[in-house]
Amino acid sequence: MQKIEHIGIAVKDLDRAEETYGVLFGSKPYKRESVESEGVITSFLRNGPNKIELLQATNENSPIAKFIEKKGEGIHHIAFSVVDIYSEMERMRKDGFRILNDKPKIGADNKIICFIHPKSANGVLIELCQERADNI
Ligand code: ZN
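To keep things clear, this report deals only with the structure shown in the data block. (Residues numbered from 1 in each chain as written. Predicted model: local features only at pLDDT ≥ 70, side-chain atom pairs only at ≥ 80, totals over all residues. Heavy atoms only, no water.)

1. Some remarks on the overall build of the chain
The condition is simple: Helix and strand assignments follow DSSP, with helices taken as H or I runs no shorter than four residues and strands as E runs no shorter than two, numbered in order from the N terminus. Exposed residues in this analysis have more than 50% of their type's maximum accessible area, buried residues have under 20%, and partly exposed residues fall in between, with area computed by a 1.4 Å probe over protein chains only. Residues are treated as being in contact if the distance between any of their heavy atoms lies within 4.5 Å. Values of accessible area rely on a 1.4 Å probe in the Shrake-Rupley scheme; residue burial ignores everything except the protein chains shown. For this count, His and the chain ends are skipped, Lys and Arg are scored as positive, and Asp and Glu as negative. To locate a charge, the coordinates of NZ of Lys, CZ of Arg, CG of Asp or CD of Glu are taken.
When you go through the chain residue by residue, the secondary structure sums to three helices and eight strands. Taken along its principal axes, the extent of the C-alpha atoms in the chain is 40 × 30 × 25 Å. Across the 136 residues of the chain, 43% fall into the buried class. Put simply, 51% of the contacts in the chain that link residues at least 6 apart link residues at least 24 apart. Total accessible area computed for the chain in this model is approximately 7900 Å², and 50% of it derives from carbon and sulfur atoms. With 20 positive and 21 negative side-chain charges, the chain shows a spacing of 3 Å between the two charge centroids.

Written out as structure tokens, the structure is:
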């Protein structure tokens, strides 16, 4: 496990959230990306080593729509970068963590990712992410 790669924030209105965080960070979003499989549009902002991923649902079955329905807008997940996601998943599994994906999947911003269930991490959804190469 390396550094925190980004913090994911569930939002209702991506345009407005981009403005808000654009002012907060003093920089504009550098990338907007749709992740069809998750039913989300993501937008990324960076300030030095800090990175925020804003997530807006594209349909009512999206995990983000369900999250906002239950808890309202707010921090959705914390993502850690890893060098080898396969070995980290193996390690976490062996230690009894509940991993939500059988194998890593393609995420936003050129990453392969997996999620660890909040029940395994004191109520926080954890994302592991690795820079994408050709190893998926
Ligand atoms: Zn994320």
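2. A few points about the coordination of the zinc ion
Operational definition: Any nitrogen, oxygen or sulfur atom within 2.8 Å of a metal ion counts as a donor, with the limit raised to 3.2 Å for Na, K and Ca, and since water is left out, coordination shells can look unfinished. Sites are called tetrahedral only when four donors show all angles between 85 and 135 degrees, square planar or octahedral only when four or six donors show opposite pairs over 155 degrees and all other angles between 65 and 115, and irregular in any remaining case.
On the protein side, the zinc ion has His6 (NE2), Glu53 (OE), His77 (NE2) and Glu127 (OE) as donor atoms, found 2.1 Å from it. The site at the zinc ion holds four donor atoms, and with the angles between them running 84 to 163°, its shape is irregular. Along the chain, the residues that donate to the zinc ion are spaced as H-x46-E-x23-H-x49-E. You can see His6 sitting in strand 1 (residues 4-10) and its partner Glu53 sitting in strand 4 (residues 50-57), a full 47 residues away along the chain. Neither His6 nor Glu53 differs from the other in exposure class; each is buried.

3. Details of the packing of aromatic side chains
To describe a pair of aromatic rings, you give the distance between the ring centres and the angle between the ring planes. Here is the rule: Each aromatic pair joins two rings of Phe, Tyr and Trp (for Trp, the six-membered one) with centres within 6.5 Å, and gets the label stacked for planes under 30 degrees apart, edge-to-face for over 60, and tilted for any other angle. Charges are assigned to positions over rings by a cutoff of 6 Å between ring centre and Lys NZ or Arg CZ, combined with an angular limit of 35 degrees from the ring normal.
Throughout the structure, instances matching the rule amount to one aromatic pair. Residues Tyr30 and Phe44 carry aromatic rings whose centres are separated by 6.1 Å and whose planes lie at 35° to one another, so their mutual orientation is tilted. With Tyr30 in the loop between helix 1 (14-25) and strand 2 (31-35) and Phe44 in strand 3 (residues 40-47), this pair connects stretches of sequence that are 14 residues apart. Overall, the relative accessible area of 34% leaves Tyr30 in the partly exposed class. Positioned above the aromatic ring of Tyr30, the side-chain terminus of Arg46 is 4.3 Å from the ring centre.

4. Section: the side chain of Glu88
Here is the rule: A 3.5 Å cut-off defines polar contacts: any pair of N or O atoms within that distance qualifies, except that in protein one atom must be a possible hydrogen donor and the other a possible acceptor, and neighbouring residues in sequence count only when both atoms are side-chain atoms.
As for its placement among the helices and strands, Glu88 is situated in helix 3 (residues 85-94). For Glu88, a relative accessible area of 12% gives the class buried. A polar atom in the side chain of Glu88 sits 3.3 Å from the backbone nitrogen of Met1. Discounting chain neighbours no more than four positions away, the residues touching Glu88 are Met1, Val82 and Leu128.

5. Focus: the side chain of Ser62
Its location among the elements puts Ser62 in the loop between strand 4 and helix 2 (63-71). When its relative accessible area of 1% is taken as the criterion, Ser62 is described as buried. Engagement of the side chain of Ser62 in a polar contact is seen with the backbone oxygen of Gly39, the distance being 3.0 Å. Setting aside its immediate chain neighbours within four residues, Ser62 contacts Glu38, Gly39, Val40 and Ala57.

6. Some details on the nonpolar core
Spelled out, the test is: Each nonpolar core is a collection of buried residues, namely Ala, Val, Leu, Ile, Met, Phe, Trp, Tyr and Cys, held together in the definition by side-chain atoms within 4.5 Å.
Phe80, Val82, Ile85, Met89, Met92, Ile99, Ile112, Cys114, Ile116, Ala121, Ile126 and Leu128 form the largest nonpolar core, which has twelve residues in total. Excluding residues within four positions of it along the chain, Ile99 makes contact with Met89, Met92, Arg93, Cys114, Phe115 and Ile116.

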